[in-house]
Amino acid sequence: MAAVEISNIRKSYGDVLALSGINISIPSGSFFTLLGPSGCGKTTLLRTIAGFHQQDSGGISVEEQAIEHMPAHKRDVGMVFQDYAVFPHISVYDNIAFGLKQRKVAKRAIAERVAKILEVVQLAPYAARMPHELSGGQQQRVGLARALVINPKVLLMDEPLSNLDAKLRVDLRREIRSIQQSMNMTTVYVTHDQEEALAMSDIVCVMYGGIIQQAAAPLEVYNNPSNRFVASFVGANNFFGLTLSPSGASIAGLAVNLPQAAKLSSGDTVVAAIRPEFISINPDGITPETVTLTAKVRQVSFTGRELTVAAVLPSGEEIEAITAPSADVLALRPDDQVTLAFPADKVQLYADGVTGARLS
Amino acid sequence: MTSLAANALSGKLRMPGFWTIVTILAVLLLAVFLILPILNVFAISFFDAKTGELGISNYIQVFTRRYYTSALQNTLLIGFLGMLGACLIGVPLAFCTSRYRIRGRAVIATFAVLVLCAPPFIGAYAWIMLFGSNGAVTNFLEQFGINVPTIYGIPGIVLVFSLKFFPYIYLMTENALNTINKSFEDAAENLGCTTFERFMKVTLPLVFPAVSTGAIICFVLSIADFGTPAILGHGVRTLSTIAYSQYTSEMAGTPTMAVTISMVMIAISMGALLLQRRILAKRRYAGAMTSRPVKKSMSPAKSVLVHGFCYLVVFIAMLPSFTVVYTSFLETNGPVFTGGFGLDSYARILRDSPAAVANSFLFALAAVVLIAIVSGLLSFIVVRRDNFVAGSLDLLLMVPYLIPGIVMAIGYVATFRHPPFDITGTALIIILIVFIRRLPYGVRSTTSILRQIKPSIEEAAINLGASPAKTFTSVTVPLMMPGLIIGSLMSFITAINELSSTLILYTSKTITMPVLIYIQVIDGEFGTAAALSTVLLVSTGLCVFAVFRLSESKESAFV
C-alpha cells in the first residue's frame, strides 16, 4: 500500500516552473530520497507536502487521505529542518513535548513518550538542557525526536545533516536509518549528497529542473541511469564524445569496438560514459571485449583505500580511473603515457545534452 | 471523483485564516486613525490661504517667496548635519559597548535613553544657560580670556540635534551589532583586515540597515523639531518654526499656510525614507546565528581611552539634563533665581499640578500597552506575510514618523469632532494620537528582531500541530520579547514626552507634564518647569534602567 501518493503536482514562481507534473508513489514504511542539485525543486516538493507551499495544481494524499488543501498544522506530517529549528526559548523536554501538547495528550503519557524517544535518540541525560547548551548534532537529534514523538503518518526531512561535520554526518545517517527501519516510518528525505542518498534509501528519486529524472532502488539508479544527468550526478563518471562513421565508432580518434553502438546511425551526437572503477591501467592481457585508449597522466592521488589517476586523452577530454593501490601505478608521473582499458559492455551511451536519453 | 469534489468544497468553505483576520483589522485601524486625519489635513492645504479657493496657490507661495525658501534651505542643511553628527557619535559608541567589555554598560545605555527623555526645548534652554552669551560656562571661561564659540544659529542647532538624537543610532546599531554572526568578522580578520578595516568593510555594511533606519529617524526628527531652532535660532528660520508661528500666532497667522508648510516637510521626510528603502532593498541580511559576538577585554591604555570616550559622550549629552535637575533645586521667584537651594519648586508642582503628572503616566502607559500588542501582530504580517497588503503596511507604518505632531493633531480635531464619534477634549483622543504617532517605534524594533528569527522555527511549530495563532503566542512572541521590550521602552519614552500634538489637543482636565513645562517656560516659570522636567527625567530614567537590566538577561537567554 502506498503511504504517500503525489499526483501531477505543479508549482511555479512567476515564470519559473519549480515543479512540473510530479507523480510519486511512496510505499508504506520506505525511505524515499529526493536527490538533486540546489534549485532542482526537491525542497519545494518537500515543503509542498508539509503544506508550507501551496501547489498550483495536483494532489497529495497520505494514507488515502487528500491533504493538498489542508492547512499545514493539521497535516500530521513530521518535519526535520536543515537548520534544526529547535525552539531556543524552551528546554529539550518541552521542545519534544510541544507536538504532544498540541494534540492534547495527557501529561503522564507525554512524559512517557518523551522519555522513550529521548532514549531512542540517545539524549536521555539532556532533557532539562536548553537548546543553546547542545551541539549541532544534539540539536538535530532533538529535531528528530520532536518529529518522531508525534507518530506522524510520514516523516519529512529537509537536508537534516548538511549543517553537521562529515564524521558526525555518517554516524547520524546510520542512526536515522536504523531508527526509521525499527519504527517502520515512511520517510521522505531531501539531500544533494548522492552518497548519503545511496546509503540510506529504499528508493532514490533524482530530480533536475523541477522534473523527476529517475526513481528507483539505489543500485538500479547507480547501475542503470535513465539519462545522462542521472549518470553524472549519481556516482563519479567519465564522459567522452563518441564519433560514429560508416566504418565504426571511435573515441578520441581511436576506433573502439562497441556492439551497443551498432544500431546508431552515423552523424548522431552521442556521449559514451564509463565509471572510473571499471578502468584498469596498463593491463597485462587485452581481450576483444575490451576497449583500450591511450592517455597522458596528469595526477595520481592516493586516498587510502584506493588510487585515483587523472589523465587526458589525445582529444583533450579528461578521464579518471580508480584502482586498488599498487606500486606500479603509484610510480606514474605526470606526462607518462598509459593504456586505459575497460570492458565494452560497461560503456553506456547517451544522447547529447544535460538530460540526454540513455541509448544503450 | 468523490475526493475531488470534497477538495473543491473544502477549498471554497475554508474559513479566513487567523492572519487574514488580523490583517483586515490592522488595515481598518490604520485607515481610521492614521490615514483619515491626514487626508483631512491634506485637503485643507489645497484651499487658498486668503480666498479659500481650490488650487495649489499655497504651494506656489512656499516655493517662490524668499521667506519660505530660505527656511527650506536651512531645514535641509540642519536635518542633514544633525543626522551626520548623530551617526558620528552613535555608531562608534555602539561599537565600543558591543565589542569591548565596558564597565557600567547599563549606565551608558540608560544615559543614552535618558538623553531622549529631555524635552528638546528644555535641552536648548539648558545649553543657553551654559554656553549662551550670559551662560555659566561662557562667563566662567571669559575670566581666563577664552571666548566660547557661539551656541546660537545653525552650528548650535546642529550640535544640540547631534547630541539629542544620537541615542537612536546608538541603540539600534548596538542591537544589530549584538546579533551579527561572529564568523563574518572572524573571516574578515582572517582575510587580513585590521580592526578598523574589518569594521568599515564587514561590520558596518552588515549593520547598515539598523544604522540607516536610525539615521532616517534623526533626519526626520531634526527637520520636524520646533523647540530647538525656536530657542537657539536667533533669526535662523526653519520650516517648523514658521509653521508653528503661522498656526499659533493670533494676529497675522494663517493656519492654512502652516499646514501647507507641514506638507512640504512631510514630502522631504518621505523622500529621505524612500531613498533609505531603495538602498535597503538590495541588501538581504538573513544569516544563521551560529556564534555570538564576543566582548573583548582591552589593554589598560586602550581601556582608559575607550571608557573615556563612552563616558565623555554620554556626559556631554546629559549636560542639559544635569543643568535642569540642578536648576530645579534653586530657589526662584518667577524667572529670577534668588540664589539659595531648596525644594520650593517641587512643593509648588505638588500643590498646583498633580493631575499633569498622573495624566502623563496614564496616557503613556495606555498608549504603550496598545503599541506592544499591535506592533507584535503588525510586525509578523510585515515580515512573514508575503503579499501586497504586507508590503503596503510596511510603507504605511513609516507615515507617523513623517507627520509632525501639529499636523496630526489638526487632523484629529478635523476628523473626530462629529457626534457620535466626537472625542475631542477626552483622554481617549490623546491616548490614540500618542499610540498612532509612536507605533512605528514598536514595529521597527519588533520587525528587526523578527527578521533574525528563522521562519523554520515557526514552521516547526505549525508542523507539530500548533495553529497559526498558537504558534504566534507560544513561539514567536517569546522570541520577539527583547525587541518588544526595547520597542515598548522607546515608545514609552517618546510617548511620555509628547508635546507637539498634545499642545493642540489638551484641556485643563487632560493636561500633561510636557504641555505644562512648555507653558511654564513661556511664562518664565523656570523653577517649576525644571522641577517638572526632573520628575519626568527621574521617573522615566528609573523605568529605563529597570527594563534594560531585564532585557539584558533576556537577550542572552534567547540566543
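Per chain, the residues get numbers from 1 upward, laid out in the order the sequence is written. A letter from A marks each chain and a number from 1 marks each ligand, given out in the order of writing. With the structure being a predicted model, the display of local features is reserved for residues of pLDDT at least 70 and the display and counting of side-chain atom pairs for 80 or more, all residues being used for whole-chain, interface and lining totals.

*Asks:* How should the overall build of chain A be read in this particular structure?
*Replies:* In this text, helices come from DSSP runs of H or I with a minimum length of four residues, and strands from runs of E with a minimum of two, each type numbered from the N-terminal end. The helix and strand tally for chain A stands at 9 helices and 20 strands. By its C-alpha atoms, chain A is 80 × 45 × 35 Å across when sized along the principal axes. Here a residue counts as buried when 20 or more other C-beta atoms sit within 10 Å of its C-beta, as exposed when there are 12 or fewer, and as partly exposed otherwise, the C-beta atoms being derived from the backbone. Within chain A, the proportion of its 360 residues that are buried is 41%.

*Asks:* Please clarify how the packing of helix α8 (residues 153–178) of chain B against helix α10 (residues 195–224) of chain B should be interpreted in this entry.
*Replies:* Angle between the axes and distance between the axes: these two values describe a pair of packed helices. Residues and elements named next belong to chain B. The convention used is that axes are lines fitted to C-alpha atoms, helices contributing only their stretch in contact, and that angles between N-to-C directions extend from 0 to 180 degrees. Relative orientation of the contacting elements α8 and α10 amounts to 160°, with a least axis distance of 8 Å. Accordingly, the angle class assigned to the pair α8 and α10 is roughly antiparallel. Of the two possible hands of crossing, α8 and α10 adopt the one that is right-handed. When α8 is examined against α10, the residues Phe-161, Phe-165, Tyr-168, Ile-169, Met-172, Thr-173, Asn-175, Ala-176 and Leu-177 are found in contact with a partner set consisting of Val-207, Ala-210, Val-211, Thr-213, Gly-214, Ala-215, Ile-217, Cys-218, Leu-221 and Ser-222. Classification convention: Asp, Glu, Lys, Arg as charged; Ala, Val, Leu, Ile, Met, Phe, Trp, Tyr, Cys, Pro as nonpolar; all other residues, Gly among them, as polar. Its residues assigned to classes, the contact of α8 with α10 comprises 14 nonpolar, 5 polar and no charged. If an angle is under 35 degrees, it is roughly parallel; if it is over 145, roughly antiparallel; if it lies from 65 to 115, roughly perpendicular; otherwise it is oblique. Helix crossings get a hand from a simple test, with the near helix turned counterclockwise from the far one by less than a right angle marking a left-handed crossing and a clockwise turn marking a right-handed one. A pair of residues counts as a contact when their C-beta atoms, built from backbone coordinates, are separated by no more than 7 Å.

*Asks:* Help me understand the sheet that holds strand β20 (residues 348–351) of chain A, please; the structure alone is not making it clear to me.
*Replies:* Sheet strands associate in pairs through backbone hydrogen bonding, adopting either a parallel or an antiparallel arrangement. All names here are of chain A. A strand pair is defined by DSSP finding two or more bridges across the two strands. Pairing in this open sheet of 5 strands is antiparallel, and the strands run β13-β12-β11-β14-β20 from one edge to the other. Strands at the two margins of the open sheet, each flanked by one partner only, are β13 (254–256) and β20. On average, each strand axis in the sheet is inclined to that of its neighbour by 40°, with strand direction left out of account. One ladder, built from 5 bridges, connects strand β11 (residues 238–245) with strand β14 (residues 270–274); its direction is antiparallel. Bridge pairing links Phe-239 to Ala-273 in β14.

*Asks:* Is there a simple way to think about the interface of chain B and chain A in this case?
*Replies:* When the parts of a complex come together, some accessible area is lost, and that lost area is often used as the size of the interface. Between chain B and chain A, the residue contacts involve 22 residues of the former and 21 residues of the latter. Sorting the residues of the side of chain B that touches chain A by element identifies α1 (2–13), α21 (455–463) and α22 (468–496) of chain B as the ones contributing at least two each. If you tally residues by element for the side of chain B that touches chain A, the top one is α21 of chain B, at 7 residues. Across the side of chain B that touches chain A, the residue classes break down as 12 nonpolar, 8 polar and 2 charged.

*Asks:* Would you explain unusual backbone geometry in this entry?
*Replies:* As a rule of thumb, non-glycine residues mostly have phi less than zero, and peptide bonds are mostly trans rather than cis. All names here are of chain A. Positive phi is not limited to glycine here, since Gln-122 has a value of about 60°. In this fold, Gln-122 is placed in the loop between α3 (107–120) and α4 (136–148). A count of 12 C-beta atoms within 10 Å places Gln-122 in the exposed class. Positive phi values are uncommon outside glycine, yet Asp-335 reaches one of about 80°. Among the secondary structure elements, Asp-335 is positioned in the loop between α9 (327–330) and β19 (337–343). With 9 C-beta atoms counted inside 10 Å, the residue Asp-335 sits in the exposed group.

*Asks:* I'm lost on the domain arrangement of chain A in this one. Help?
*Replies:* Residue and element names in this part refer to chain A. Domain boundaries shown here were taken from an automatic or database domain assignment. We note that the domain assignment places domain 1 (2–232) and domain 2 (237–351) within chain A. The distance between the C-alpha centroids of domain 1 and domain 2 comes to 39 Å. Each partner contributes to the interface: domain 1 provides 4 residues, whereas domain 2 provides 6 residues.

*Asks:* Please clarify how the domain arrangement of chain B should be interpreted in this entry.
*Replies:* Residue and element names in this part refer to chain B. Domain assignment breaks chain B into domain 1 (18–47 + 329–559) and domain 2 (68–323). Each side of the interface is counted separately: domain 1 has 37 residues, and domain 2 has 37 residues. Counting residues per element, the ones that place at least two in the side of domain 1 that touches domain 2 are α2 (18–44), α18 (399–402), α19 (405–415), α20 (427–450), α22, α24 (513–523) and α25 (526–558). Looking at the side of domain 1 that touches domain 2, the element that brings in the most residues is α25, giving 10 residues.

*Asks:* Looking at this structure, how should I read the confidence of the model for chain B?
*Replies:* Close inspection of predicted coordinates is inappropriate for parts of the model with low pLDDT. All names here are of chain B. For chain B, the average pLDDT comes to 81, and 90% of its residues sit at 70 or higher. Of all helices and strands in chain B, the one with the weakest mean pLDDT is α1 (40), whereas α21 scores best (92). Every residue gets a pLDDT, meaning the predictor's confidence in that residue, from 0 to 100. Every residue in residues 1–14 scores below 50 in pLDDT, and together they form 5 contacts with partners more than four places removed in sequence or on other chains. Residue range residues 553–559 is modelled with pLDDT below 50. Its contacts to residues more than four positions away, or to other chains, number 11 contacts. Scored by ipTM, the complex comes to 0.82, with pTM at 0.74.

*Asks:* Would you mind going over helix α14 (residues 300–328) of chain B with me for this structure?
*Replies:* Because an α-helix packs 3.6 residues into every turn, residues spaced three or four apart end up facing the same way. Expected helix span is taken as 1.5 Å per residue step, with the number of steps being one fewer than the number of residues. Taking 1.5 Å per residue as the helical rise, α14 of chain B with its 29 residues ought to reach 42 Å, and the 39 Å between its terminal C-alpha atoms agrees with that figure. Here the bend at a residue is taken as the angle between two axes, fitted respectively to the seven residues that end there and the seven that start there. A maximum bend of about 45° is found in α14 of chain B at Leu-319 of chain B, where proline Pro-320 of chain B lies one to four positions downstream.

*Asks:* Explanation requested: the environment of Ile-60 of chain B in the structure shown.
*Replies:* Position of Ile-60 of chain B among the secondary structure elements: in helix α3 (residues 57–64). A sequence separation of 131 residues divides Ile-60 of chain B from Leu-191 of chain B, and the C-alpha atoms of the two residues are 57 Å apart.

*Asks:* Would you explain α2 of chain B in this entry?
*Replies:* Residue and element names in this part refer to chain B. Between its first and last C-alpha, α2 extends 39 Å over 27 residues, near the 39 Å set by a 1.5 Å rise per residue. Of all bends in α2, the biggest is about 40°, found at Ala-31. Among the residues making up α2, those that are buried are Thr-23, Ala-26, Leu-30, Phe-33, Leu-34, Pro-37, Ile-38 and Val-41. Of the surrounding elements, those touching the buried residues of α2 are α13 (255–281), α16 (354–384), α17 (388–396), α18, α19 and α20.

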